[in-house]
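# A closer look at the structure
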Amino acid sequence: MFRRLVSVLAVLAAVPAVAQTPTGYDDLVALFQDWREFQRPFVRDGVPDYSAGAMAAQAAELPRWQARLYAIDRSSWPVAQQIDWHLVRAEMNGLDFDHKVLRPWERMPDFYTVVVDEQSDTPLREGPIMAGALELWRYDFPLDAEGLAAVGASLRAAPALLAAARENLTGDARDLWRIGIRGAHEQVTSLERLRDRLAEHHPELVPDAEAARDAMASFASWLEEKLPEKHGTSGVGVLAYDWYLANVHLVPMTWQDEMRLMQRELARSRAYLALHEHDDRDLPPLEPAATPEEWDRRANEAVTRFVAFLDGEDVMTVEEWMEPALRERIAGYLAPDDRHFFAQVEMREPLLMRCHQVHWIDTARFREQPHPSPIRREPLLYNIWDNRSEGFATAMEEMMTGAGLLDDRPRGREMTDMMVAMRAARAISGLRMHSNEWTLDEAMEHAAAEVPRGWLRRGGDLVWFEQSLYLEQPGYGTSYITGKALIEDLLSERAHQLGDDFTLHRFMDELYASGVIPVSLIRWEMTGNRDRILQ
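Presented here is a report on the structure given in the accompanying data block. (Residues numbered from 1 in each chain as written. Predicted model: local features only at pLDDT ≥ 70, side-chain atom pairs only at ≥ 80, totals over all residues. Heavy atoms only, no water.)

### Here we look at unusual backbone geometry
Note the following rule: Helix and strand definitions follow DSSP, with helices as H or I runs of at least four residues and strands as E runs of at least two, each counted in order from the N terminus. Residue burial is assigned from relative accessible area. The probe radius is 1.4 Å, only protein chains are included, and a residue is buried under 20% of its type maximum, exposed over 50%, and partly exposed in between.
Residue P142 follows F141 across a cis peptide bond; omega there is 0 degrees. Relative to the helices and strands, P142 resides in the loop between β6 (134-135) and α6 (145-168). Phi is positive for D314, close to 55 degrees, though the residue is something other than glycine. Positionally, D314 belongs in the loop between α11 (292-312) and α12 (322-327). A relative accessible area of 44% means that D314 is categorised as partly exposed.

### Notes on the environment of R530
Residue placement: R530 occurs in the segment after α22 (519-527). Along the primary structure R530 and S520 are separated by 10 residues, whereas in three dimensions their C-alpha atoms are 7.8 Å apart.

### Some thoughts on the layout of surface pockets
The cut-off we apply is this: The method works on a 1 Å grid over the protein atoms by themselves. A cavity is a set of points holding a 1.4 Å probe that cannot get out, a pocket is an open set with protein on both sides within 12 Å along at least five of seven lines, and residues with an atom within 4 Å of a point line them. Grid points are joined across faces, edges and corners, and a volume is the space filled by probe spheres set on the points.
In this structure, the second largest pocket occupies an estimated 1,200 Å³ of space. Considering the residues around the second largest pocket, the lining is formed by 46 residues, among which I129, M130, A131, G132 and A133 are closest to the centre. Secondary-structure elements contributing two or more residues to the lining of the second largest pocket are α2 (25-39), β3 (47-48), α3 (52-70), α4 (79-102), α5 (104-107), β6 and α6. When residues of the lining of the second largest pocket are assigned to their parent elements, the largest contribution, six residues, is made by α6.

### Focus: the packing of helix α20 (residues 476-498) against helix α21 (residues 504-513)
Note the cut-off: Simply put, an axis is a line fit to the C-alpha atoms, just over the touching stretch for a helix, and the angle between two N-to-C directions goes from 0 to 180 degrees. Working rule for angles: under 35 degrees goes down as roughly parallel, over 145 as roughly antiparallel, 65 to 115 as roughly perpendicular, anything else as oblique. If you view the pair so one helix is near and one far, a crossing is left-handed when the near helix is turned anticlockwise from the far one by less than a right angle, and right-handed when it is turned clockwise. Pairs of residues are marked as contacts when any of their non-hydrogen atoms sit within 4.5 Å. Note on residue classes: Ala, Val, Leu, Ile, Met, Phe, Trp, Tyr, Cys and Pro are nonpolar, Asp, Glu, Lys and Arg are charged, and everything else, Gly too, is polar.
Where α20 meets α21, the closest approach of the two axes is 11 Å, and the angle between their N-to-C directions is 125 degrees. As far as their axial angle goes, α21 and α20 are oblique. Crossing handedness for the pair α20 and α21: right-handed. Along the contact surface, α20 presents I487, L490, L491, R494 and L498, while α21 presents L504, R506, F507, E510 and L511. Broken down by class, the residue content of the contact of α20 with α21 amounts to seven nonpolar, no polar and three charged.

### Concerning helix α9 (residues 238-247)
Counting buried positions over the 10 residues of α9 gives eight, a clear majority of the element. Those residues of α9 that sit buried are A240, Y241, D242, W243, Y244, L245, A246 and N247.

### Details of the pattern of salt bridges
Inclusion rule: One side-chain nitrogen of Lys or Arg within 4 Å of one carboxyl oxygen of Asp or Glu is enough to make a salt bridge.
All chains considered together, the criterion is met by 48 salt bridges. Notably, a salt bridge pairs D208 with R156, separated by 3.2 Å at the nearest N-O pair. Taken together, the residues D208 in helix α8 (residues 206-226) and R156 in helix α6 connect sequence positions 52 residues apart. On the accessibility criterion, D208 (18% relative accessible area) is buried. Between R213 and D214 there is a salt bridge; the shortest N-O distance is 3.5 Å. When salt bridges with common partners are traced through the structure, they connect E265, R268, E398, K484 and E488 into a single cluster.

### A closer look at the nonpolar core
Note the cut-off: In this text, buried Ala, Val, Leu, Ile, Met, Phe, Trp, Tyr and Cys residues form a nonpolar core when linked through side-chain atoms within 4.5 Å.
Within the largest apolar cluster, 162 residues are counted, with the highest numbers of intra-cluster contacts made by Y112, F306, F341 and M400. With 12 residues, the single largest contributor to this core is helix α17 (residues 412-434). Filtering out sequence-adjacent residues up to four positions away, F341 remains in contact with M418, M419, M422, V451, W455, L456 and L462.

Structure follows, in structure tokens:
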């Protein structure tokens, strides 16, 4: 099936037919740097140009960039450098897909996000977002001169940006439009919070913040007025989804493969939850932390214990910056009525969630131990990293449970089962949206209904956020389980390949050494097997 995708989906992006010339790795690096500049839209007076004319011009130029890439003769390069070539190829395919299928500047009002309040736990923010969004988490208040200039410029550009968005947004995808309405109202709230912070430290910027807030409120009203005109589907369709997996995220699966995997993982996790509940029936239930003080103590103890386990059980090389990277990201206490799914898990078994928060080790590693490759040193665009980033964080939960982390906390196994069940259930919803079988509302209802214990609340903010993201970003909802499965396959293959020379420590260090790139490319670098790589 994987190989047949090449011929079936060639209409989306044909490989340029160009003659290769002797070139070196430095030529690829130079091309990559030039490519990143080309990929960004032209910015005029702080407003990125996503107009129909600008996007048509960019799309017309893209084949020339792909031809330059394919003209590079990489046949004699070391594997690591060939992998970097494929990373550049994947990014170019990502822009190609944006122009031919996704068209976020035309179909997704949520694309025009002005303010990003919080840092994502992944290499870049999940899902499509316009260039130049104001990432407030990068700034400390009171702002220094550089921050003051950047924040002020972003706020002053917002009214013109949102006026341009009205011209650009000609799509008919109803559910994407609904997502945009909710997102615009959330942006109004974010801009009001920013205005209040500026009033305390930088009152001269308050008028700019208020103007940006008013422009966003007007934009939200405009979206609401236009919603009755929107009747189209929002998914990309199965064929386009298959091409995207294979050629952008470099996942050796199809929509159908992922659906089978998600259904199997949902059934398996719920079955083992029932078995573990039976085994644990005489044990006291896991009770969530009852007070903020209790939560703070339990969460910090979990970080200490998790890092000690990684080091003491020879799981991986532990650096001194890892524990602070995890500790500073401990979530705050939530009252019972405010607890979303992950808070239900974390406040009962914070040790398990520390496994998933290896995200923050990845984030810190970009800063503390930059990859020697200039191409892997920067986060990949188009969420190409998702099956490694989300997949590894998800895999760590079951891998560390299997390695003994929860041996003296048996009810923690139930939380591991709950986490897998939730990821599989919501991924099935995302797949059905992209095949255009389900609407956003149907997807949210399914996800909430299929997660055990009712912990994924119907109509809650979490289920809305997740299904919105998965509709806007194909392949993201499945990446947690798909990436986990690919990493488990790699662990199995590497253990068999090395035999008595295999150690978990070696495997984990090799995995980290490859960087936050698709697992199929990590497999090639670790095992020498490249049979899952197109081209």
